[in-house]
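Okay, here's what each chain looks like letter by letter:
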Amino acid sequence: VRASVPVPTRAHALYVERSGTLLAVARRPGDWLLRWRRDGRELAWHWIEPDRVFNGHVIASPDGRRVFTTETDLEDGSGLIGVRDARTLAKLAEWPTHGMDPHELLWVPGSAGAPRLMVANGGIPTLAETGRLKLHLDRMDSSLVCLDARGGALVGQWRLPDERLSLRHLAWQRAAGTGTTGTDIGPGTLPRLGIALQAEHDDESRRRAAQVLAVFDGQRLQACEADRPLAGYGGQIVASADGFAVSCPRSNGVALWSAGGRWQGFEPLAEVCPLAVAEPMKTPAALVWAGGRDAVRALGAVEPLPDLSAAPLRLDNHWAALPQAANAAGA
């Protein structure tokens, strides 16, 4: 551990800003947002308004002037995007997500002239007084939405046929042979978007057999099948060199699909959840780094790399690869 920062409650996601500083946001329903340096210096704390809660994810605008957070209005449970000043983290505006329980959000690649955000509405109803307790799952309404980031207008909204699949985490397909996404891949004008799913069915057998990945091709949102049950729980998702990787902590491994949603296999790793893609120092291709209960593993290495012990850390939901080094920061 190079440096650490104590936080008042459990953290969820990390975001690496262009300057190399880090944003960490509280696990939902959360009330704090933190900017800090990789040496452990705390730069700014922000506490959310009393009638709002953070939902675990944050992202900065391409020009670095704004920060966007997924939030819930405690009065009616509706989902919001908080638009914040990047320097002070103070709120400047709010946009509705046209659903409940918004979780991760990503920029649409190639949309700089008309910037757009993709947002995963998890769709799970909750109440302020009951915290994370899931209520009235028969009223779930999970959806993928696209918002115009110039003012928050709704551009599009898509749902899966199975209403009990909650859309949680997002990753854009990677351009072949590069470490970035691009608009020259996939059908139409966009790369494919992978979405990690978490099943909320009342019947346990149906829940455990449920899909954990959906793929959006710019027009259609479709859940993808696997050759084995995955306990209906997808954790983090990243775009691998060949498609998408979804961590499955309840089935102890990382599930792999092609960018088009074809099953490609399963890499065992006990209680794995955080995934990140990083450029290794000695191999040409980006690797998927997976953190499990007792080990850290690099998936897809051309040459065998030793598993790295995670002890004495207990890794949580997410981590992020830091630029300029093979170091990683975990929340």
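A short tour of the structure in this document, coming up. Keep in mind that this is a model prediction, so the values were computed, not measured. (Residues numbered from 1 in each chain as written. Predicted model: local features only at pLDDT ≥ 70, side-chain atom pairs only at ≥ 80, totals over all residues. Heavy atoms only, no water.)

Moving on, we come to the overall build of the protein chain. In terms of regular secondary structure, the protein chain is built from 1 helix and 26 strands. Across the 331 residues in the protein chain, those meeting the buried criterion constitute 54%. Contacts in the protein chain between residues at least 24 apart in sequence constitute 45% of all its contacts with a sequence separation of at least 6. For the protein chain, the exposed surface amounts to about 15,200 Å²; the carbon and sulfur share of it is 49%. (Helix = DSSP H or I, 4+ residues; strand = E, 2+ residues; numbered from the N terminus. Buried < 20%, exposed > 50% of the residue type's maximum accessible area, 1.4 Å probe, protein only. Contact = heavy atoms within 4.5 Å. Areas by Shrake-Rupley, 256 points an atom, 1.4 Å probe, with all protein chains shown as cover.)

What follows concerns the sheet that holds strand E20 (residues 263-268). Taken in spatial order, the 4 strands line up as E17-E18-E19-E20 in an open sheet, and their pairing is antiparallel. Strands with a single pairing partner mark the edges of an open sheet, and in this sheet they are strand E17 (237-239) and E20. Here the strands of the sheet are splayed against their neighbours by 20° on average, with no regard to which way each runs. Taken together, the 3 bridges between E17 and strand E18 (residues 243-248) define a ladder with antiparallel strand orientation. Residue pairing across strands places Ile237 opposite Val246, the latter belonging to E18. (Pairing = 2+ DSSP bridges. Axes fitted to C-alpha atoms, helices over the stretch in contact; angles between N-to-C directions.)

Let's shift gears to the environment of Val296. Relative to the elements of secondary structure, Val296 occurs in strand E23 (residues 295-299). Counting along the chain gives 12 residues from Val296 to Leu308, while the straight-line C-alpha distance between them is 4.9 Å.

Right, let's talk about the sheet that holds strand E4 (residues 42-47) for a bit. On the basis of which strands lie adjacent, the open sheet formed by 4 strands has the order E1-E2-E3-E4 and antiparallel pairing. Each edge of the open sheet is held by one strand with a lone partner, namely strand E1 (11-16) and E4. Across the sheet, the axes of successive neighbouring strands diverge by a mean angle of 15°, strand direction being ignored. Of the pairings in the sheet, the one linking strand E3 (residues 32-36) to E4 comprises 5 bridges and is antiparallel in character. Looking across to E4, one finds that Arg35 is bridged to Ala44.

Attention now moves to the nonpolar core. Phe68, Leu144, Leu193 and Ile195 are the most contacted members of the largest nonpolar core, which has 32 residues in total. When contributions to this core are tallied by element, the ones reaching two or more residues are strand E7 (78-85), strand E9 (102-107), strand E10 (116-121), strand E11 (143-148), strand E13 (165-172), strand E14 (193-199) and strand E15 (213-216). The contacts of Leu144, once residues within four sequence positions are left out, are Met118, Val119, Gly156, Gln157, Trp158, Leu167, Leu170, Leu193, Ile195, Phe216 and Leu221. (Core = buried A, V, L, I, M, F, W, Y, C linked by side-chain atoms within 4.5 Å.)

Let us now look at the packing of aromatic side chains. Applying the stated criterion to the full structure yields 6 aromatic pairs. Here Trp45 and Trp47 contribute two aromatic rings whose centre-to-centre distance is 6.0 Å and whose plane-to-plane angle is 10°, an arrangement assigned as stacked. Grouping aromatic residues by their ring pairs yields a cluster made of Trp32, Trp45 and Trp47. Positioned above the aromatic ring of Phe266 is the side chain of Arg228, whose terminal nitrogen or guanidinium carbon lies 3.8 Å from the ring centre. (Phe/Tyr/Trp six-rings, centres within 6.5 Å; stacked < 30°, edge-to-face > 60°. Lys NZ or Arg CZ within 6 Å of the ring centre and 35° of its normal.)

All right, on to the pattern of salt bridges then. Evaluation of the coordinates by the stated rule reveals 20 salt bridges. The partner of Asp316 in a salt bridge is Arg10, with the nearest N and O atoms 2.9 Å apart. Remark: Arg10 occurs in the segment before E1 and Asp316 occurs in the loop between strand E24 (308-309) and strand E25 (319-321); sequence separation between them is 306 residues. Residue classification places Asp316 among the buried residues on the basis of a relative accessible area of 17%. Among the residues examined, Arg10 registers a relative accessible area of 41% and is labelled partly exposed. Across the pair Asp101 and Arg168 runs a salt bridge, and its minimum N-O distance is 2.6 Å. (Salt bridge = Lys/Arg side-chain N within 4 Å of Asp/Glu carboxyl O.)

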